[in-house]
Amino acid sequence: MMAMSLDGFVARKDHTLDWLNKQPTENEDHGFFAFMDSVDALVMGSGSLRTVLGFGDWPYLKPVITLSRTMTKQDLPEHLQDKITFSTESPEALWSIFGKRGYKRIYVDGGAVIRSFLQAGLIQDMKITVVPILLGNGIRLFGETAGDIDLELTSATPFPSGLVDLHYTVKGA
Ligand SMILES: NC(=O)c1ccc[n+]([C@@H]2O[C@H](COP(=O)([O-])OP(=O)(O)OC[C@H]3O[C@@H](n4cnc5c(N)ncnc54)[C@H](OP(=O)(O)O)[C@@H]3O)[C@@H](O)[C@H]2O)c1
């Protein structure tokens, strides 16, 4: 579940997300809580974790696994040390670990991490909220792929703010 500018960016180059708050979305339900209820755990990259740590409040009720070769528990405030685990495993290895834990549905969050799970064929569906703004540059959601990744549109829901929620399933994942 990601919010993306019309030109394909999920954050500015400096990781800021201020552009998301330019839209009047206060009275809109983009399904974040229902989606969070539907997953067993979250996987995110260290880039996204650093952003969330900057928010102050920890927003997730599910276990969070952070992929990082540079961060450790020592980088976390003490009250979050039992809520976040770090891993350097590949997406494929993680998927097998999750299977053994009984996790069936994982929320994959971030930019680079989403691309590596997509490349591994491990993303089954994508919820993307298109935000009516062109940022011109920033951190991209999608990048080069080894081949086509065919998608099927499941739903498209426009909102008064101008945001459009798109739900795709990934064919063959
Ligand atoms: N618009 C939205 O809805 C939304 C949602 C979530 C996040 N965001 C923002 O989008 C930006 C995404 O930035 P990003 O692409 O740098 O973040 P990311 O995917 O969250 O993190 C990437 C980092 O994860 C680590 N990593 C370890 N194993 C990896 C693997 N197998 N594949 C990929 N990365 C791996 C690497 O850092 P190490 O050096 O630590 O190993 C890598 O630089 C962030 O600013 C985030 O806050 C936006």
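This write-up is about the structure you can find in this document. Since we're looking at a predicted model, the values are computed, not measured.

**Examining the packing of aromatic side chains**
Each aromatic ring pair is summarised here by two numbers: the centre-to-centre distance and the angle between the ring planes. Using the criterion set out here, one finds 4 aromatic pairs in the structure. Summarising the aromatic geometry, the rings of Phe35 and Tyr107 are spaced 4.9 Å apart at their centres and angled 80° between planes, so their arrangement reads as edge-to-face. Taken together, the residues span a long stretch of sequence, with Phe35 in helix 1 (residues 32-37) and Tyr107 in strand 6 (residues 106-109) at a distance of 72 residues. According to the relative accessible area criterion, Phe35 is buried, its value standing at 8%. Among the residues examined, Tyr107 registers a relative accessible area of 4% and is labelled buried. Arranged with centres 5.6 Å apart and planes meeting at 40°, the rings of Phe98 and Tyr103 form a pair that is tilted.

**Points about the pattern of salt bridges**
Evaluation of the coordinates by the stated rule reveals 2 salt bridges. Here Arg12 and Asp18 are joined by a salt bridge, their closest N and O atoms 2.9 Å apart. By relative accessible area, Arg12 is classed as partly exposed at 25%.

Cut-off values and rules
- Residues numbered from 1 in each chain as written.
- Predicted model: local features only at pLDDT ≥ 70, side-chain atom pairs only at ≥ 80, totals over all residues.
- Heavy atoms only, no water.
- Phe/Tyr/Trp six-rings, centres within 6.5 Å; stacked < 30°, edge-to-face > 60°.
- Helix = DSSP H or I, 4+ residues; strand = E, 2+ residues; numbered from the N terminus.
- Buried < 20%, exposed > 50% of the residue type's maximum accessible area, 1.4 Å probe, protein only.
- Salt bridge = Lys/Arg side-chain N within 4 Å of Asp/Glu carboxyl O.

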